[in-house]
Amino acid sequence: MGKMNPKYEPLFTPWKIGNVEIKNRIVLCPMGGTSLFGWMEPNHFDKEAAKFFLERARNNVGLIIPGIAPIKDTIGGRWLWQNKKMFRELKEFMEEIHKTGAKLFVQITAGMGRSWAITDSLVEIHNSPVLRTLAKPIIDVQYQSASPSVLPSRWSDKVTCREMTAAEIHEIIDAFAKTAALCKEAGVDGVEVHAVHEGYLLDQFTLKYTNHRTDQFGGSFENRYRFATAIVKKIKAACGNNYPVSLRYSVVSKTKDFCVGAMPGEEYTEIGRDMEESEKAAKYLQDAGY
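This is a predicted model, so every value here is computed, not measured.

(A) Local environment of the overall build of the protein. If you tally the helices and strands in the protein, you get 10 helices and 12 strands. Since a compact globule built from 290 residues should have a radius of gyration of about 19 Å, the 20 Å found for the protein is in line with a globular shape. C-alpha atoms of the protein, sized along the principal axes, occupy 60 × 45 × 35 Å. Burial analysis of the protein (290 residues in total) assigns 50% to the buried set. Of the roughly 14300 Å² that the protein leaves accessible, carbon and sulfur atoms contribute 55%. Taking the 38 positively charged and 35 negatively charged side chains of the protein as two groups, their mean positions are separated by 5 Å.

Okay, here's the thing in structure tokens:
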């Protein structure tokens, strides 16, 4: 076997997030379709995803972050923290992961808001009070697409998303803390919050053009970032200050208008987050505990 090029040696040095030491700099980032808890169906421990991650761990990945786990089941509407059986299975899996020397964070999503993907049949359900009521026990479309303010859907010009209530926001913040505590108990090394990123729900709260609220979650910079900062503070209160909480974050929105992105190299006016705000926001989020 040939000698490794010295320029790659730093990849195999340990580093720390909080009090968690990761053996090398190789991180498997979250990807669509790799949720450890299934996706778009009632959350369950996904044995195929588990096999996939164990294989990566055995091949010397230092930190693994599976794809998003919804804080609340998309189908059926049960909260993730209510799913005790799944956390028991997660604990067994974490023991296997740790045998390899790898670490694993679970990425939890607050939701999609106006970016919740809507098919033609869901458009019909969303816009019909009768169909909405019939479908609600299975899929609550108005909950899934609830946004910081009344906004057009990202996916359909026929759908208007309703404003999320303050009570719903607080319920989600609490659910993050309960879920993170169960993850910690199961041996999970940290949690990642999804996401002040790419126009998903928490990002929509931070952006002026999508957040027109007049309560404590809208208006000033601090109010727009309050949902995200309240989540990390509540997780730290439940899991301790040393428990790592990372955040999926977009530095610049690259957005010209509703549903209109900017192309690389193009001259345009940013309506989302620009670099100036990001320099302030990244520090502010880190100071909150991320």
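(B) Up close: a nonpolar patch on the surface. Together, Met4, Tyr8, Leu11 and Phe12 give the surface a local cluster of nonpolar side chains, amounting to about 350 Å² of exposed area. Residue position: Met4 is located in the segment before strand E1 (15-17).

(C) Here's a closer look at the nonpolar core. In terms of nonpolar packing, the biggest core is built from 61 residues, with Leu36, Leu90, Phe93 and Phe227 touching the most fellow members. For this core, the element with the most residues is helix H6 (residues 166-185), which contributes 8 residues. For Phe227, the residues in contact, after removing those within four places along its chain, are Met164, Ile169, Ile172, Ile173, Leu201, Leu202, Phe205 and Phe217.

(D) Broad picture of the pattern of salt bridges. Scanning all chains against the criterion turns up 12 salt bridges. One salt bridge connects Asp287 with Lys283, and the closest N-O pair in it is separated by 2.7 Å. In this pair, Asp287 and Lys283 both sit in helix H10 (residues 275-288), 4 residues apart, roughly one turn of the helix. Overall, the relative accessible area of 53% leaves Asp287 in the exposed class. On the basis of relative accessibility, which here comes to 49%, the residue Lys283 falls in the partly exposed class. One salt-bridge network, in which partners are shared between bridges, spans Lys47, Lys85 and Glu89.

(E) Geometry of H6. With 20 residues, H6 extends 29 Å between its outermost C-alpha atoms, agreeing within 8% with the 28 Å of an ideal straight helix rising 1.5 Å per residue. Among all positions of H6, only Glu168, Ile169, Ile172, Ile173, Ala175, Phe176, Ala177, Thr179, Ala180, Leu182 and Cys183 are buried. If you follow the buried residues of H6, they end up packed against helix H2 (84-99), strand E6 (103-109), helix H5 (141-144), strand E9 (190-196), helix H7 (201-206) and helix H9 (226-239). Immediately beyond the C-terminal end of H6, within one or two residues, lies Gly187, with a positive phi of roughly 95°.

(F) A look at the environment of His170. Assignment of secondary structure puts His170 in helix H6. Each C-alpha atom of the pair His170 and Ala230 lies 9.0 Å from the other, and the pair is 60 residues apart in sequence.

(G) Highlighting the packing of aromatic side chains. Here the structure, examined in full by the defined rule, presents 8 aromatic pairs. A centroid spacing of 5.3 Å and a plane angle of 70° characterise the contact between Phe52 and Phe53, whose relative ring orientation is edge-to-face. Residue Phe52 is classed as partly exposed on the basis of its relative accessible area, which comes to 31%. Residue classification places Phe53 among the buried positions, given a relative accessible area of 0%. Taken together through their ring pairs, the aromatic side chains of Phe205, Phe217 and Phe227 make up a single cluster. Of note, Lys72 hangs over the ring of Tyr143, and the distance from its end group to the ring centre comes to 4.0 Å. The aromatic ring of Trp81 is capped on one face by Lys178, whose charged end is 4.3 Å from the ring centroid.

The rules behind each value
- Residues numbered from 1 in each chain as written.
- Predicted model: local features only at pLDDT ≥ 70, side-chain atom pairs only at ≥ 80, totals over all residues.
- Heavy atoms only, no water.
- Helix = DSSP H or I, 4+ residues; strand = E, 2+ residues; numbered from the N terminus.
- Rg over C-alpha atoms; globule rule 2.2 N^0.38 Å.
- Buried < 20%, exposed > 50% of the residue type's maximum accessible area, 1.4 Å probe, protein only.
- Areas by Shrake-Rupley, 256 points an atom, 1.4 Å probe, with all protein chains shown as cover.
- Lys, Arg positive; Asp, Glu negative; His and termini not counted.
- Charge placed at Lys NZ, Arg CZ, Asp CG, Glu CD.
- Patch = residues over 30% accessible without salt bridge, like charges linked within 9 Å, V, L, I, M, F, W, Y side chains within 5 Å.
- Salt bridge = Lys/Arg side-chain N within 4 Å of Asp/Glu carboxyl O.
- Core = buried A, V, L, I, M, F, W, Y, C linked by side-chain atoms within 4.5 Å.
- Contact = heavy atoms within 4.5 Å.
- Expected span 1.5 Å × (residues − 1).
- Phe/Tyr/Trp six-rings, centres within 6.5 Å; stacked < 30°, edge-to-face > 60°.
- Lys NZ or Arg CZ within 6 Å of the ring centre and 35° of its normal.

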